[in-house]
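# Observations on the three-dimensional arrangement
These are the residues of each chain, in order.
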Amino acid sequence: MTSSSDRSLAVDVPAPKSYEIRTYGCQMNVHDSERLSGLLEDAGYVRAPEGSDGDADVVVFNTCAVRENADNRLYGNLGRLAPRKASRPGMQIAVGGCLAQKDRDTIVKKAPWVDVVFGTHNIGKLPVLLERARVQEEAQVEIAESLEAFPSTLPTRRESAYAAWVSISVGCNNTCTFCIVPALRGKEKDRRTGDILAEIEALVGEGVSEITLLGQNVNAYGSDIGDREAFSKLLRACGTIEGLERVRFTSPHPRDFTDDVIAAMAETPNVMPQLHMPLQSGSDTVLKAMRRSYRQERYLKIIENVRAAIPHAAITTDIIVGFPGETEEDFEETLHVVREARFAQAFTFQYSKRPGTPAATMENQIPKAVVQARYERLVALQEEISWEENKKQVGRILELMVAEGEGRKDGATHRLSGRAADNRLVHFTKPEQEVRPGDVVTVDITYAAPHHLLAEGQVLDVRRTRAGDAWEKRTAEKAAKPAGVMLGLPGIGVPAPLPVATGGGCASD
């Protein structure tokens, strides 16, 4: 029985505060959000349940500045949260990312209920700024002009037990006229190779079997030290890490894509036969106006060399339609490259003005109707090619890494989904044997659609993996702790792999 003196000593422990992070834009922002989650959980916050939709104690917007109307989208979302914040004492709202870096002086003016504004270079300050805003009862705006600490030194909340992003550089030295990212992310800064490999080895020790090397211009890695072959050396070094089954990277730039990188891809068994190579335009005139340092001939030669060395490589790209001054002849040149390159998939975008970029003030802006018509022609051509290229996969025996949450209809169709070595999405018949995300299955491809493949027969083989074990362990622990894998300093890990980079963002130069 509890005595009265014991009852008098009882102390009510307040429930930990919850947080929600809304992420927009490229893989770099997704990667940063992993760090923000880790920082907040390290500071005692807990992740809000799925679908909380603004009911958390802290709501963080990790913004993108390269999409059309990005600011309108942000202020619309902030406006919807204003009445909720007014009725919920203690709730805080923070805005970070590229738009915060760009519009540092206007966010709090337009949305005075925002508590914290922080930039791309000082994400590690978020918990301190939230506490300062709470104590001082006024908005905290802190934008660093240069990187304070490489993001990978921060705590991390990893979403996937079997696959991870690994950042090898931040920033970009290019000056593409349609892109504002270099002004917001700064000049390229490379990590030490030893630090990258140590992070990968630690991830593999945790059960990860697939990593994606991430940089805004990933194959320019080594520019800090003047070693043009640093990236190919890094790929080869990844091949020596025991237990690392799959290595990918995104996004390279044609200017820096050299023969030693192709050789490293072809000769390193765990580097996957997949390449995302942004084109942006097939016209030399438009490429020059974009300040892209390659031309059509150079681009197609890279594709030719990759296919010669890696015949089954799946090549994907980014294309912008309707750049200022683009003529019908220029657009036809883009269609020519698409026909010649035969991309497995293309991420196509209609040009839109990004305030602060040189292209936004160029003459000869293309009428919206013309851009739309060209866009539809390009999409139709690429859909046809994607389907034809996928049909070539029918009859092939492929190894898939089983994925989590990739097939929206898997439950209804009694299928599972996985990624082939070339990153094609494959839906396959669920076998009687237990299969976990991170495990590897062997299947026979029986049907092709433009954006996925089917393996409708029985699974030929199931290989249980350490990655699957890690997923199973994490799932078993879910009831006892927040979802995900929380790792302390030095922070390691990144989110589950996304489809290849969607162009126009800061990872698709």
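It should be noted that the structure appears before, not after, this text.
Because the structure is predicted, anything quoted here is derived from the model rather than measured.

Before going further, it helps to examine the overall build of the chain. Broken down by element type, the chain carries 16 helices and 23 strands. At a minimum sequence separation of 6, the contacts of the chain that also span at least 24 residues come to 76%.

Moving on to the state of the cysteines. Considering all chains together, one arrives at zero disulfides under this definition. Of the cysteine sulfurs around Cys64, a residue in no disulfide, the closest is that of Cys98, at 6.2 Å. We classify Cys64 as buried; its relative accessible area is 11%.

Burial analysis of strand β4 (residues 92-97) places six of its six residues in the buried class, the great majority of the element. Alternating residues of β4 divide into Gln92, Ala94 and Gly96 and Ile93, Val95 and Gly97, and every residue in both groups is buried. Note: β4 against strand β5 (residues 116-118), two bridges, orientation parallel. Its bridge partner being in β5, Ala94 is matched across the sheet by Val116.

Taken in spatial order, the six strands line up as β2-β1-β3-β4-β5-β6 in an open sheet, and their pairing is parallel. Single-partner strands in this sheet number two, and they are β2 (46-47) and β6 (140-142).

Under the criterion given, the structure shown has four aromatic pairs. Ring geometry for Phe231 and Phe249: centres 5.1 Å apart, planes at 80°, overall edge-to-face. Highlighted residues: Phe231 in helix α9 (residues 230-238) and Phe249 in strand β12 (residues 246-250), separated in sequence by 18 residues. In this pair, the class of Phe231 matches that of Phe249, namely buried. Pairing Phe323 with Tyr351 gives two aromatic rings, centres 5.4 Å apart and planes at 70°, and the pair type is edge-to-face.

About the criteria used
Residues numbered from 1 in each chain as written. Predicted model: local features only at pLDDT ≥ 70, side-chain atom pairs only at ≥ 80, totals over all residues. Heavy atoms only, no water. Helix = DSSP H or I, 4+ residues; strand = E, 2+ residues; numbered from the N terminus. Contact = heavy atoms within 4.5 Å. Disulfide = S-S within 2.5 Å. Buried < 20%, exposed > 50% of the residue type's maximum accessible area, 1.4 Å probe, protein only. Pairing = 2+ DSSP bridges. Phe/Tyr/Trp six-rings, centres within 6.5 Å; stacked < 30°, edge-to-face > 60°.

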